[in-house]
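Architecture and fold: a report
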Amino acid sequence: MTSAASPHLTGGLDTLVIRGRVDADRAELTPRGELVHGCADTLARTLAGLPATVTRVDLDMGGVHFMDTAGLQFLDVLADHGRRRALTVRATNWNGQPRRILELAGLDTTDPLTGPESTGPAPAAPPAVRTVSAVALERAECLHVLQEEVEQLRQAIASRPVIDQARGILMATHGCASDEAWHILRETSQLSNTKLRDVAAAVTASAEADGPAPSAELRTALHRAVARRRRG
């Protein structure tokens, strides 16, 4: 009995291979490789192929040398299988980097599913809840960071044309270099506590025929920024 994961984005075939054997009512599984994207699906296929007579599933994790947050999904699948089938499920012999991930997630490194003292069927136990919590918290944090980065990139792309226009206007108006114009915009933004793209939009609009002049606060900040660059 063997199940293998499909290639993942970091490259490499057979990222995870799960071999196993069934002895009476006990299944012994030996994952080898990495617990990364797709590992939970590989485990689910393996568990689905076990005979209905199996009442205990033991995983020897010694052959797993790398694990990311997908490994916590792997544990979720295993714990859920134990609850649904009223089986005893254990995942032991964690080493190296995967063991460290379990520590960071606040899980029992001896057996993150049932703990060293459990011998009965895996209940709807706190460890499973902790696993879900660890995954959910890390996913939420990563998602928040990615959303912020995407939003900043989106704003930077949208702001680039008007900022370049404003730099050109300042260069023509004050006879300064491109870098100096950039510093004037940044300093005006800081002095007036106004977003850089809003400063650039105000400068650009004021250069148009019948365009509105910048606010008094922006004009003051702009004059101070220009004066500082000239003194510098």
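First things first, this report covers the structure right here in the doc. (Residues numbered from 1 in each chain as written. Predicted model: local features only at pLDDT ≥ 70, side-chain atom pairs only at ≥ 80, totals over all residues. Heavy atoms only, no water.)

Turning to the overall build of the chain, a few remarks are in order. Scanning the chain from terminus to terminus reveals 7 helices and 6 strands. Starting at the N terminus, the α and β elements of the chain follow one another as β-β-β-α-β-β-α-β-α-α-α-α-α. Every one of the 232 residues in the chain was classed for burial, and the buried ones make up 37%. A fraction of 62% describes how many contacts in the chain between residues 6 or more apart in sequence connect residues 24 or more apart. Only carbon and sulfur atoms are counted for the fraction: they give 53% of the accessible area of the chain, which is about 13,000 Å². (Helix = DSSP H or I, 4+ residues; strand = E, 2+ residues; numbered from the N terminus. Buried < 20%, exposed > 50% of the residue type's maximum accessible area, 1.4 Å probe, protein only. Contact = heavy atoms within 4.5 Å. Areas by Shrake-Rupley, 256 points an atom, 1.4 Å probe, with all protein chains shown as cover.)

Further remarks concern the side chain of serine 192. With respect to the helices, strands and loops of the structure, serine 192 is situated in helix 5 (residues 178-192). Here serine 192 falls in the buried class, since its relative accessible area comes to 4%. A distance of 3.0 Å separates polar atoms of two side chains, one belonging to serine 192 and the other to threonine 194. Sequence-distant contacts of serine 192, that is, excluding residues within four places in its chain, are made with Val199, Glu217, Leu218 and Ala221. (Polar contact = N/O pair within 3.5 Å; in protein donor to acceptor, adjacent residues only side chain to side chain.)

Let us look at the pattern of salt bridges. Per the counting criterion, the structure on display carries 9 salt bridges. When the shortest N-O distance is used, the salt bridge between aspartate 58 and arginine 56 registers 2.7 Å. Residue aspartate 58 is classed as buried on the basis of its relative accessible area of 11%. Note on arginine 56: relative accessible area 27%, which makes it partly exposed. Between glutamate 103 and arginine 100 there is a salt bridge whose closest N-O contact spans 3.2 Å. Of this pair, glutamate 103 and arginine 100 both sit in helix 3 (residues 96-104), 3 residues apart, roughly one helical turn. Within the structure, one salt-bridge network assembled from shared partners comprises Arg21, Arg26, Glu28, Arg56 and Asp58. (Salt bridge = Lys/Arg side-chain N within 4 Å of Asp/Glu carboxyl O.)

To continue, consider unusual backbone geometry. Positioned with a positive phi, alanine 86 is a non-glycine residue whose angle comes to about 55°. Looking at where alanine 86 falls in the secondary structure, it is placed in the loop between helix 2 (70-85) and strand 6 (88-92). Despite not being glycine, asparagine 193 shows a phi value in the positive range, around 55°. Tracing the backbone through its elements, the reader meets asparagine 193 in the loop between helix 5 and helix 6 (196-206). Relative accessible area serves as the criterion here: at 74%, asparagine 193 is assigned to the exposed category.

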